[in-house]
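Commentary on secondary and tertiary structure
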Amino acid sequence: MIEIHPSAQVSRLADLEDSVRGTRIVVGAHSVIDSFVKVKPAGGSGDLIIGSHCAINSGCVIYTGNGIHIGDHVAIAANCTFAPVNHAYQDKSRLIREQGFLPSRGGVVVEDDVWIGANCVLLDGAVLRRGCVLAAGTVVRGEIPAYTVWAGEPPRQVGLRQ
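All of these numbers come straight from a predicted model, not from anything done at the bench.

1. Some points on the nonpolar core
Ranked by internal contacts, the top residues of the largest apolar core, which has 33 residues, are Ile70, Ile76, Phe82, Val110, Ile116 and Leu128. Every element with two or more residues in this core is listed here: strand 4 (25-27), strand 7 (48-50), strand 10 (68-70) and strand 13 (108-110). Ignoring anything within four residues of it in the chain, the contact list for valine 110 reads His69, Ile70, Gly71, Val74, Phe82, Ile116, Leu122 and Leu128.

2. Re the pairing of strand 21 (residues 156-160)
Put simply, side chains in a regular strand alternate between the two faces of the sheet. Two elements, strand 20 (residues 148-151) and strand 21, share four bridges in a ladder whose sense is antiparallel. Bridging from a neighbouring strand, alanine 151 pairs with arginine 156 of strand 21. Taken together, strand 20 and the strand that follows it, strand 21, pair antiparallel across an intervening segment of four residues, in which glycine 152 is found at a positive phi of about 95 degrees.

3. Quick word on unusual backbone geometry
The omega torsion of the bond from glutamate 153 to proline 154 falls at 0 degrees, within 30 degrees of zero and hence cis. Here proline 154 is to be found in the loop between strand 20 and strand 21. Within the chain, asparagine 79 stands out as a residue other than glycine whose phi angle is a positive 65 degrees. For asparagine 79, the position within the fold is in the loop between strand 11 (75-76) and strand 12 (81-83). What makes asparagine 79 partly exposed here is its relative accessible area of 42%. In this model, asparagine 119 sits at a positive phi of 65 degrees, which is unusual for a non-glycine residue.

4. Digging into the pattern of salt bridges
The full count for this structure, using the stated rule, is 10 salt bridges. The residue aspartate 15 makes a salt bridge to lysine 38 at a minimum N-O spacing of 2.8 Å. Taken as a pair, aspartate 15 in strand 3 (residues 15-16) and lysine 38 in strand 6 (residues 38-40) lie far apart in primary sequence, 23 residues in all. Using a relative accessible area of 22% as the deciding quantity, one classes lysine 38 as partly exposed. We note a salt bridge from aspartate 113 to arginine 161, for which the minimum N-O separation is 3.1 Å. Placement of aspartate 113 in the loop between strand 13 and strand 14 (115-116) and of arginine 161 in the segment after strand 21 is noted, with a sequence separation of 48 residues between them. A relative accessible area of 36% places arginine 161 in the partly exposed class.

Analysis parameters
Residues numbered from 1 in each chain as written. Predicted model: local features only at pLDDT ≥ 70, side-chain atom pairs only at ≥ 80, totals over all residues. Heavy atoms only, no water. Core = buried A, V, L, I, M, F, W, Y, C linked by side-chain atoms within 4.5 Å. Buried < 20%, exposed > 50% of the residue type's maximum accessible area, 1.4 Å probe, protein only. Helix = DSSP H or I, 4+ residues; strand = E, 2+ residues; numbered from the N terminus. Contact = heavy atoms within 4.5 Å. Pairing = 2+ DSSP bridges. Salt bridge = Lys/Arg side-chain N within 4 Å of Asp/Glu carboxyl O.

Now the structure itself:
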């Protein structure tokens, strides 16, 4: 089920694929989803909830997997990937694509007032606390504290919001 608030703007060139498992995709008030954003309900039964006044720029790919919750006033730059799912792969006697998925690490949570730079990757278990900033190209697997600035792979703290 796809629910788009009447004041939200979703480009006609964005691709929000509806779930066949009944999960929800919710786009909050005054949020903007740009051209060439792909939302795919794959790899789990989690919902995608996008708060109000959010911006998701071109080229982002969002797999709903084990769920994604994006708070209010979040800015997501171009070409970011949200992948809250983990493939099973341990059994070498079976093809990877036949092994399914590992248990959830909690999905992805992005609290309010967060800025995610271009080409960032958020993996299952990523938690971005209120007001944090990710520099371009940062890969996140765990928790980023509130009002901190992080960069790199592995991510390291490079500053604070004052």
